[in-house]
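# Structural characterization, general
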Amino acid sequence: MRGEVKTTCPYCGVGCGLIVSPARDGWAVGGDPDHPANLGRICSKGAALIDTITAEMNRDFRLLKPEVDGKTVDWPTATRETADRLRATIEQHGPKSVAFYVSGQLLTEDYYIANKLIKGFIGSPHIDTNSRLCMASTVVGHKRAFGADVVPGCYEDLEIADLVILTGSNLAWCHPVLNQRLRMAKEKHGTKIVVIDPRKTASCDIADLHLPIKPGSDVALFNGLLAWLDQNGHTDLKYIARHVSGYEAAVAEARADCPDIASTAKKCGLDYPAGINEHSNEDGSGLGKLETFFGWFAAFDRTVTVFSQGVNQSSSGSDKVNAIINTHLATGRVGKPGSSPFSVTGQPNAMGGREVGGLANQLAAHMDPNDVNDVDRVKRFWKSDILEPGEGYKAVDMFRAIETGKIKAVWVMATNPAVSMPDADRVRLALSRCPLVIVSDTVNDTDTLRYAHIKLPAAGWAEKSGTVTNSERCISRQRPFRDLQGDAKPDWWIMTQIAQAMGYGKAFKYHDPAEIFAEHAALSEFENEGLRAFDIGQWHKAKKPAYDAMTPFQWPASRKNQPAGGAERLYGNGIFTTSNGRARMLAVQQTAPLSQTNKEFPLVANSGRYRDQWHTMTRTGTAARLSAHRPEPLLELNICDAKRYKLIDGGLARIKSPQGTALMRVSISDAQAPGDVFMPMHWNDVFSSAGGIGRLLPANVDPYSGQPESKYIPVSVEPFEPLWQGLLFSNTPVDLSNQPYWVAATGPGCMIYEIAGDQPCLFKSMLPVAANSDSDAGPEQIIEYNDGKKGVHRYARMRKDRITGALFVGPDRPALGRDWISGLLGTDAISGPERIALLAGRMPDARAINDRLICSCFSVGLAAITRAIHEQNAVSTTDIGRLLQAGTGCGSCLSELKEILDDALPRAAE
Ligand SMILES: Nc1nc2c(c(=O)[nH]1)N[C@H]1C(S)=C(S)[C@@H](COP(=O)(O)OP(=O)(O)OC[C@H]3O[C@@H](n4cnc5c(=O)[nH]c(N)nc54)[C@H](O)[C@@H]3O)O[C@H]1N2
Ligand SMILES: Nc1nc2c(c(=O)[nH]1)N[C@H]1C(S)=C(S)[C@@H](COP(=O)(O)OP(=O)(O)OC[C@H]3O[C@@H](n4cnc5c(=O)[nH]c(N)nc54)[C@H](O)[C@@H]3O)O[C@H]1N2
Ligand code: SF4
Ligand SMILES: [Mo]
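Bear in mind that the values here come from a model prediction, so they are computed numbers and not experimental data.

Moving on: the site of ligand 3. In the vicinity of ligand 3, the contacting residues are Cys9, Tyr11, Cys12, Gly15, Cys16, Cys43, Lys45, Gly46, Pro176 and Val177. Looking at the shell around ligand 3, the elements that each hand over two or more residues are helix H1 (44-47) and helix H8 (176-189). Residues of the shell around ligand 3, tallied by class, amount to seven nonpolar, two polar and one charged.

Glancing now at helix H28 (residues 862-871). Listed in full, the buried residues belonging to H28 are Leu862, Ala863, Ile865, Ala868 and Ile869. Two residues or fewer after H28 comes Asn873, characterised by a positive phi angle close to 60°.

For the rest of this paragraph, the subject is the pattern of salt bridges. In this structure the tally under the stated criterion is 62 salt bridges. The salt bridge involving Lys898 is made with Asp205; its shortest N-O contact spans 3.4 Å. Separated by 693 residues along the polypeptide, Lys898 in helix H30 (residues 894-909) and Asp205 in the loop between strand S9 (192-196) and strand S10 (209-211) bring together distant segments of the chain. Among the residues examined, Lys898 registers a relative accessible area of 40% and is labelled partly exposed.

For Thr448, the location among the structural elements is in the loop between strand S15 (436-441) and strand S16 (454-457). The exposure class of Thr448 is buried, given its relative accessible area of 0%. The residues contacting Thr448, other than those within four sequence positions of it, are Val412, Asn416, Pro417, Ala418, Leu431 and Val439.

A few words on the site of ligand 2. In the region of ligand 2, 32 residues are neighbours, and Gln105, Asn130, Ser420, Asp441 and Thr616 sit closest. In this structure, Ser440 approaches ligand 2 through a main-chain N or O atom, which is 3.0 Å from a nitrogen atom. Between an oxygen atom of ligand 2 and a side-chain N or O atom of Lys464, the distance comes to 3.1 Å. Burial of ligand 2 by the protein chains amounts to 98% of its free accessible area of 920 Å². Here the residues of the shell around ligand 2 are counted per class, giving ten nonpolar, 16 polar and six charged. Among the domains, domain 2 (67-135 + 351-509) and domain 4 (603-720) are the pair contributing at least three residues each to the shell around ligand 2.

Attention now moves to the sheet that holds strand S31 (residues 792-799). Pairing is antiparallel across the open sheet formed by six strands, whose spatial order is S28-S29-S27-S32-S31-S30. Of all strands in the sheet, those with a lone pairing partner are strand S28 (741-746) and strand S30 (780-787), marking the two edges. Across the sheet, the axes of successive neighbouring strands diverge by a mean angle of 10°, strand direction being ignored. Sheet topology places strand S27 (residues 724-730) next to strand S32 (residues 802-810); six bridges connect them, and they run antiparallel. The partner of Leu728 across the bridge, within S32, is Leu807.

Grouped together as the largest cluster of nonpolar side chains are 119 residues, with contacts concentrated most on Phe100, Leu211, Leu221, Phe293 and Trp411. Among the elements that line this core, the one with the most residues is helix H9 (residues 218-231), at nine residues. Counting only domains with at least three residues in this core, you end up with domain 2 (67-135 + 351-509) and domain 3 (136-343). Ranked by size, the runner-up nonpolar core spans 41 residues in total, among them Cys16, Val164, Leu166 and Val306.

So, about the packing of aromatic side chains. Under the counting rule described, the total for this entry stands at 26 aromatic pairs. The interplanar angle of 35° and the centroid separation of 4.7 Å between the aromatic rings of Tyr571 and Phe576 together place this pair among those described as tilted. Take Tyr571: its relative accessible area is 7%, and that puts it in the buried class. Positioned above the aromatic ring of Phe678, the side-chain terminus of Arg199 is 3.6 Å from the ring centre. The cationic tip of Arg333 hangs over the ring face of Phe297; the distance from NZ or CZ to the ring centre is 4.8 Å.

This paragraph deals with the domain arrangement of the chain. Under the domain assignment, the chain is made up of domain 1 (5-56), domain 2 (67-135 + 351-509), domain 3 (136-343), domain 4 (603-720), domain 5 (724-848) and domain 6 (853-909). Computed over C-alpha atoms, the centres of domain 5 and domain 6 are 31 Å apart.

As a further point, take the state of the cysteines. Formally, a disulfide is one covalent bond, and it connects the sulfur atom of one cysteine to the sulfur atom of another. According to the stated counting rule, one finds zero disulfides in the structure shown. Cys258 provides the cysteine sulfur closest to Cys268, a residue in no disulfide bond, and the two sulfurs are 6.0 Å apart. Judged by its relative accessible area of 0%, Cys268 is buried. Distance from the sulfur of Cys640, which forms no disulfide, to the nearest cysteine sulfur (Cys204) is 19 Å.

This brings us to unusual backbone geometry. Here the residue pair Trp555 and Pro556 is connected by a cis peptide bond, since its omega of 5° sits within 30 degrees of zero. Tracing the sequence through the fold places Pro556 in the loop between strand S19 (553-554) and strand S20 (583-584). Even without being a glycine, Leu39 presents a positive backbone phi close to 45°. Note that Leu39 resides in the loop between strand S3 (26-31) and H1. Note on Leu39: relative accessible area 45%, which makes it partly exposed. With a phi angle near 60°, Lys646 is a residue other than glycine that sits in the positive phi range.

Along the chain, the position of Phe293 falls in helix H13 (residues 286-299). Separated by 467 residues in the primary sequence, Phe293 and Pro760 have C-alpha atoms spaced 57 Å apart.

Now for the sheet that holds S15. Pairing is mixed in the open sheet, where seven strands are placed in the order S5-S4-S16-S15-S14-S6-S7. Two strands lie at the open edges of the sheet, namely strand S5 (71-72) and strand S7 (127-129), each paired on one side alone. Sitting on the sheet, helix H3 (residues 75-93) touches strand S4 (67-68), strand S6 (98-102), strand S14 (409-413), S15 and S16, and the angle it makes with S16 is about 135°.

With that out of the way, let us pick up the packing of helix H26 (residues 818-825) against helix H27 (residues 832-840). The contact between H26 and H27 brings their axes to 12 Å, and the two run at 130°. Put simply, H26 runs oblique to H27. Helix-helix and strand crossings are classified by hand; for H26 and H27 the assignment is left-handed. In contact with Trp820, Ile821 and Leu824 of H26, H27 contributes Glu834, Ala837 and Leu838.

The rules behind these values
- Residue indices begin from 1 for each chain and proceed along its sequence in written order.
- Written order decides the labels, with chains lettered from A and ligands numbered from 1.
- Reporting in this predicted model follows two pLDDT cut-offs: at least 70 for local features of residues, and 80 or more for side-chain atom pairs to be given and counted; totals over whole chains, interfaces and linings ignore these cut-offs and use all residues.
- Here the side-chain values reflect all heavy atoms present in the structure, with hydrogen atoms and water set aside.
- Nearness of a residue to a molecule or strand requires only that one of the residue's heavy atoms be within 4 Å of it.
- A helix here means a DSSP run of H or I that spans at least four residues, while a strand means a run of E at least two residues long, and both kinds are numbered starting from the N terminus.
- Here the term charged refers only to Asp, Glu, Lys and Arg, the term nonpolar to Ala, Val, Leu, Ile, Met, Phe, Trp, Tyr, Cys and Pro, and the term polar to all other amino acids, Gly among them.
- Working definition: with a 1.4 Å probe on protein chains only, accessible area under 20% of the residue-type maximum means buried, over 50% means exposed, and in between means partly exposed.
- Salt bridges are defined as contacts in which a side-chain nitrogen from Lys or Arg sits within 4 Å of a carboxyl oxygen from Asp or Glu.
- Only heavy atoms matter for contacts: two residues are in contact if any of them lie within 4.5 Å across the pair.
- In the analysis that follows, any N or O atom pair within 3.5 Å is treated as a polar contact, provided that within protein one partner can donate a hydrogen and the other can accept it, and provided that, for residues neighboring in sequence, both atoms belong to side chains.
- Residue exposure ignores everything except the shown protein chains as possible cover, and the areas themselves are Shrake-Rupley values with a 1.4 Å probe.
- Here the limits of each domain have been adopted from an automatic or database domain assignment.
- One requirement defines pairing of two strands: DSSP has to find at least two bridges between them.
- Every angle, taken between N-to-C directions, lies between 0 and 180 degrees, and every axis is a line fitted to C-alpha atoms, over only the stretch in contact when it is a helix.
- Buried residues of nine kinds, namely Ala, Val, Leu, Ile, Met, Phe, Trp, Tyr and Cys, make up a nonpolar core once their side-chain atoms join them within 4.5 Å.
- Only centres within 6.5 Å qualify two rings of Phe, Tyr or Trp (six-membered ring in Trp) as a pair; their planes then separate them into stacked at under 30 degrees, edge-to-face at over 60, and tilted for everything else.
- In this scheme, the term charge over a ring applies when either NZ of a lysine or CZ of an arginine sits within 6 Å of the ring centre and within 35 degrees of the ring normal.
- For this text, the term disulfide refers to a pair of cysteine sulfurs within 2.5 Å.
- For classification, angles of less than 35 degrees are called roughly parallel, those exceeding 145 degrees roughly antiparallel, those between 65 and 115 degrees roughly perpendicular, and all remaining angles oblique.
- Helix crossings get a hand from a simple test, with the near helix turned counterclockwise from the far one by less than a right angle marking a left-handed crossing and a clockwise turn marking a right-handed one.

Okay, here's the thing in structure tokens:
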């Protein structure tokens, strides 16, 4: 690589622009000051991108060669085999026996090809994407309200609003750069921030008000707000008269649902009095908070309502979206500066996927598979002779169709459904029954790849070239800065090769992604008379040089009546994408989540994200500094529930639902309301014995969007009391499959396994034999300490003076500094005292025992922060920043720093 490369972050939907530059040991990454999404900022995940690439090189976890039936093959063989098997399936069972399951992490060009190939040439409507688990409810909500799947606002709106409502969004952890922008805006002009979330999240750190609503009650909340706005004359009747239909009916339904503040409070679980609030340990009565919230909504014209998975992942997700949009339409607050409903998207190209029509109920370029004119138009444009009207299976139904044998071949690209789908064991069963499973991935081991007959190595972020669209409709380039690794190839290339081998040659002869993008742009304006909001016709003839020079722009970028460079906001003039130009308010009513708690499953489990992990951990799980924040999945619950179910903080719990079970470390937390527990979505069978929670989820879906209800899972919890617990450090992977509990985390230079067992076991056999037997270093030897009475055992596998693995076992969880031991594993020659300390299980600096990483930008742990508070009199996050730099990078840890200060300061004052 020569100079700097401007590219886009491959993680969240903020879509930050990054600059990658050459550095002594590889590359350095920083925020692009010219990118409108982040203006130079980044977060902990973005900052650790190079770590994940380095891990890839050092730890051999990339999928580098195609494999067919377990044998490594070259591309011509892989292409021929894939094409032959797909063709044979089509010949025997018809085109509709083939399905693609793709992802918002494909680039637009990849996505366009996937959609064109299966719908236009294979002739099957069955393509769906992991966006079904993510944004499908918003797509329905947008279409019902605006006539098109459009996010009207832009990021600047968060900065110029007077009131920002975050509902079902943990912005601080999931869209950290947007959160930074919001935090700064608040510092500047005192933006009021309201968080609506059953649990107290890191996003509450900068909130003026937290409404800990009952899970699933958002429709009631926004219905209550609408009824109240109407009753108190706070709606914009002029705007409604000109631009909105359905007002009366929506208000009538809202009033029937929640006629006043008291009934709203009751429905939302906010009817608690002041003082004894066990919800999130906050002051103030629920009713009082609701009154404040309604009052602020009425008072501030410049209001933005940000919503994400707490809204979408619900059996009433689509109605939640419309209930929110209703309140904005009723007040004329759509697409105006500082004033809009705002769906923040999850994946880097969640939006691009919606633009190419990657969902089973979309066609392409905002066209409708059920509209015969649209189908005819796309058919002519693609020169397809097989495209037919009709929708395909949505994700849950697709895997059911695989299970029952209706689908005989599935091609999974850039997603890990064996982990991320609800009722994951059933998804696994379906995959195991499917005669042909093709998986394209960048890494060589995922839960889904374990079911693949054909594995296709895809190029990774650093090697890929194409475009993504972020949450504010901004299209920007991902540019490669690293050569293709091994035989890995870009996803579009893989698909076009196979398409050509299947005989669809003419339609799939592309030389580079620029040609695909131009075709996609041309389709977007093809016979588009303005009823399709998505139009990027300005790019219809773009060639490689222009494409390579692309600077970020917001769609639409039409050739008709529009200046070059895109549009910041849409619908500000009150003209919508419906046939009469009016937006629609929808009459919606609160409905109960589909599965309810009962005696056997008395708790509601909610699921979501950690700050430093990305989904199923295939990339972030490889970086030590990202794994240090939360090395294990935690079952978070309120102290009352912990007592009731006999769980202790730091102990283990078995979690059961009618669908499956999981095993997790318990964390007692006042962020959880009684009756509600929280679990992360990230762990899987590669990183844990039983940390995957997809197995617990019922496959309940929203009736309109088909989006699964991942945030409401009735469960039971019970203690798991191990006979022994261990901590294992190893340079090589360890097979712990016969242990009931283990979790693997990437440490600095080695893997660290937390283990717990309920059966006696030969501990020494767990210690792995080093991979590189360097004969000069002599034979391996195990040094050990055993206290059979206490059940304490410590082992270190040594080669000369180098430790290659270490295991600590006791009746309780060994309290050892992970960093200290990982450091010893990387040391050439450990000293005598270190050897003694190791076997004594006592580390030199006792304070570091309970250390945990807080600031991943500057690698600052709890121990150093505590020292700064107690020894250097730090009393604020600014002090900590000055002394340790912690919190001065991406700022994602500021809320935790504040908590640590709050916990430590009263004691310091004593
Ligand atoms: N660190 C990190 N960032 C990510 C990702 C990641 O994996 N890791 N993934 C990206 C993706 S794809 C997505 S989709 C986004 C998701 O971003 P978010 O939606 O912000 O993240 P989640 O943690 O899934 O859920 C948000 C919140 O919804 C709350 N919630 C649960 N039930 C309800 C309810 O009934 N009502 C309301 N109002 N709230 C509820 C949860 O308690 C949770 O705090 O994050 C993106 N960013
Ligand atoms: N319980 C619960 N479940 C959930 C959620 C939740 O909140 N709770 N959230 C849901 C949501 S919003 C989402 S978005 C999904 C995410 O779930 P998934 O999409 O299943 O998760 P990822 O780990 O992002 O999977 C991406 C896969 O693509 C691979 N990959 C990365 N880059 C490329 C590439 O360029 N090409 C190819 N071919 N492969 C690549 C990665 O290695 C990885 O295996 O999970 C959903 N599931
Ligand atoms: S905020 Fe999102 S897009 Fe920006 S650096 Fe972080 S993960 Fe990447
Ligand atoms: Mo997502």
